[in-house]
Amino acid sequence: MPDDVSRLLREAAARLARVGIESPRVDAELLLAHVAGVPRERVVSAAVLGRPVASLLTAGDAPGADRTAQEVLDELSRLLASRAERVPLQHLTGSAPFRHLELVVGPGVFVPRPETEQVAQVAIDEAREVVVRRPGAPVVVVDLCTGSGAIALALATEVPGAQVHAVELDRDAHAWAERNVTRTRAASGAVVHLVRGDARTAFADLDGTCDVVVSNPPYVPPGAVPRDPEVALHDPQVALYGLGDDGLEVPRGVTLAAARLLVDGGLYVMEHAEVQAEAARDMVAQVGGFDEIRTVADLTGRPRMVVARRVRTASDAPAAQADPSDMED
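*Asks:* If you had to explain the packing of aromatic side chains to someone new, which residues and values would you point to?
*Replies:* The way to describe two aromatic rings as a pair is by their centre distance and the angle between their planes. On inspection of all chains with the given rule, the structure shows 1 aromatic pair. One cation-aromatic arrangement involves Arg113 over Phe110; the distance from NZ or CZ to the ring centre is 4.3 Å.

*Asks:* Help me get a handle on the sheet that holds strand E7 (residues 262-271), residues and values and all.
*Replies:* Spatially, E5-E4-E3-E6-E7-E9-E8 is the arrangement adopted by the 7 strands of the open sheet, whose pairing is mixed. Each end of this open sheet is capped by a strand with a single partner; those strands are strand E5 (192-196) and strand E8 (290-297). Averaged over all pairs of adjacent strands, the angle between their axes in this sheet comes to 15°, without regard to strand direction. For strand E3 (residues 139-144) and strand E6 (residues 210-215), the ladder comprises 4 bridges, and the chain directions are parallel. For Val142, the partnering residue across the bridge sits in E6 and is Val213.

*Asks:* Give me the lowdown on the packing of helix H1 (residues 5-18) against helix H4 (residues 69-84), citing residues and values where you can.
*Replies:* Relative orientation of the contacting elements H1 and H4 amounts to 20°, with a least axis distance of 10 Å. Our classification of the angle between H1 and H4 gives roughly parallel. The interaxial crossing formed by H1 with H4 has right-handed handedness. Only Leu73, Leu76, Ser77, Leu80, Ala81, Arg83 and Ala84 of H4 make contact with H1, whose side of the interface consists of Leu8, Ala12, Arg15 and Leu16.

*Asks:* Would you mind going over the nonpolar core in detail, with residue names and values included?
*Replies:* For soluble globular proteins, nonpolar side chains are generally found buried alongside one another. The biggest cluster of nonpolar side chains holds 33 residues, and the ones touching the most others in it are Leu155, Val164, Val192 and Val269. Going through the elements one at a time, strand E2 (101-104), helix H6 (116-133), E3, helix H7 (150-158), strand E4 (162-168), E6, E7 and strand E9 (303-310) are the ones with two or more residues in this core.

*Asks:* Now, about the environment of Val43: what can you tell me, with residues and values included?
*Replies:* When you line up the elements, Val43 lands in helix H3 (residues 40-48). According to the relative accessible area criterion, Val43 is buried, its value standing at 0%. Counting along the chain gives 14 residues from Val43 to Glu29, while the straight-line C-alpha distance between them is 6.5 Å. Ignoring anything within four residues of it in the chain, the contact list for Val43 reads Val5, Leu9, Glu29, Leu32, Ala33, Val38 and Leu56.

*Asks:* Pulling in residues and values, what's your account of the packing of H1 against H3?
*Replies:* When two helices pack together, their arrangement is given by the angle between the helix axes and by the axis-to-axis distance. Close contact between H1 and H3 brings their axes to 7 Å; oriented N to C, the two are set at 110°. By the angle between their axes, H1 is roughly perpendicular relative to H3. Mapping the contact onto sequence places Val5, Ser6 and Leu9 in H1 and Val43, Ala46 and Ala47 in H3. Along the lines of polarity and charge, the residues of the contact of H1 with H3 split into 5 nonpolar, 1 polar and no charged.

*Asks:* Break down the pattern of salt bridges for me, citing the residues and quoting the values.
*Replies:* Enumeration according to the criterion identifies 19 salt bridges in this entry. Arg171 is paired through a salt bridge with Asp172; the nearest N and O atoms lie 3.9 Å apart. Among the residues examined, Asp172 registers a relative accessible area of 38% and is labelled partly exposed. Between Glu271 and Arg304 there is a salt bridge, with the nearest N and O atoms lying 3.1 Å from each other. With Glu271 in strand E7 and Arg304 in strand E9, the pair connects residues that are 33 residues apart, well separated along the chain. When sorted by exposure, Glu271 lands in the same class as Arg304, which is buried.

Conventions we followed
Residues numbered from 1 in each chain as written. Predicted model: local features only at pLDDT ≥ 70, side-chain atom pairs only at ≥ 80, totals over all residues. Heavy atoms only, no water. Phe/Tyr/Trp six-rings, centres within 6.5 Å; stacked < 30°, edge-to-face > 60°. Lys NZ or Arg CZ within 6 Å of the ring centre and 35° of its normal. Pairing = 2+ DSSP bridges. Helix = DSSP H or I, 4+ residues; strand = E, 2+ residues; numbered from the N terminus. Axes fitted to C-alpha atoms, helices over the stretch in contact; angles between N-to-C directions. Parallel < 35°, antiparallel > 145°, perpendicular 65-115°, else oblique. Left-handed = near helix turned anticlockwise from the far one by under 90°. Contact = heavy atoms within 4.5 Å. Core = buried A, V, L, I, M, F, W, Y, C linked by side-chain atoms within 4.5 Å. Buried < 20%, exposed > 50% of the residue type's maximum accessible area, 1.4 Å probe, protein only. Nonpolar A, V, L, I, M, F, W, Y, C, P; charged D, E, K, R; others polar. Salt bridge = Lys/Arg side-chain N within 4 Å of Asp/Glu carboxyl O.

Here it is in structure tokens:
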């Protein structure tokens, strides 16, 4: 492999592009930065200035310190081969960005996606409004099917004083979430009360007390195999497939739990597939106990989440259907 950073990145990006990687240059930069133990910006700068790989290496206690340029090239070659086989970039670097967080991830946990950041934003906005509306009172938030802990940790770090609870059933995913919760608490003091259990029955002690319930549950229909090998081959199936003919069996159970947990007027936010917008609204309406049922788009304009409010009375009357003219498909 060439020692010049600029040429090295060109050749690496070309290799990744040939196998269909959508962002080959970015992936090459991130892998080199990871191996060298430096920020991506430093790799980009070295490429622009025509510097050698050795210029990325520093002595001392910094990550990658005291490594030789050849060791960096050998490790990069190994990671590029794995990436070319469509191993997720995040599995190779061991981390995934989510909003302002850097989460540890790997085999056995769903890699958080940028589109889910908007799901977190809707929940964060609601939690912040509750803080303003009820100053001094606790704001209780629950994340069902937390996976890596991404949404729960975003809420805990971005809504000061929020009492955030999260549940994950899968053993491997729960272990990753536990690592992220521990690391984030050590770094920022933000607390997430994480448990391992079934999202449908968890937190019975919080029934009727939660201001926000948010979830990115498994929702892929049984016949809809993801196109990207990174997802189809490496994301755990338990985190992808929602069961049932429509993929909404797990989300139905999650929605029933949300109805149980929320206070009157509390907000429910659930991610779903783009093609499930109408079905997700119907599902929430059929569960009952919700009104103001609507579809919200992600940052790319695609309908990716259902948002509903727990009815503001204590009765068990059926939820009112949202006005179809206000809905998006």
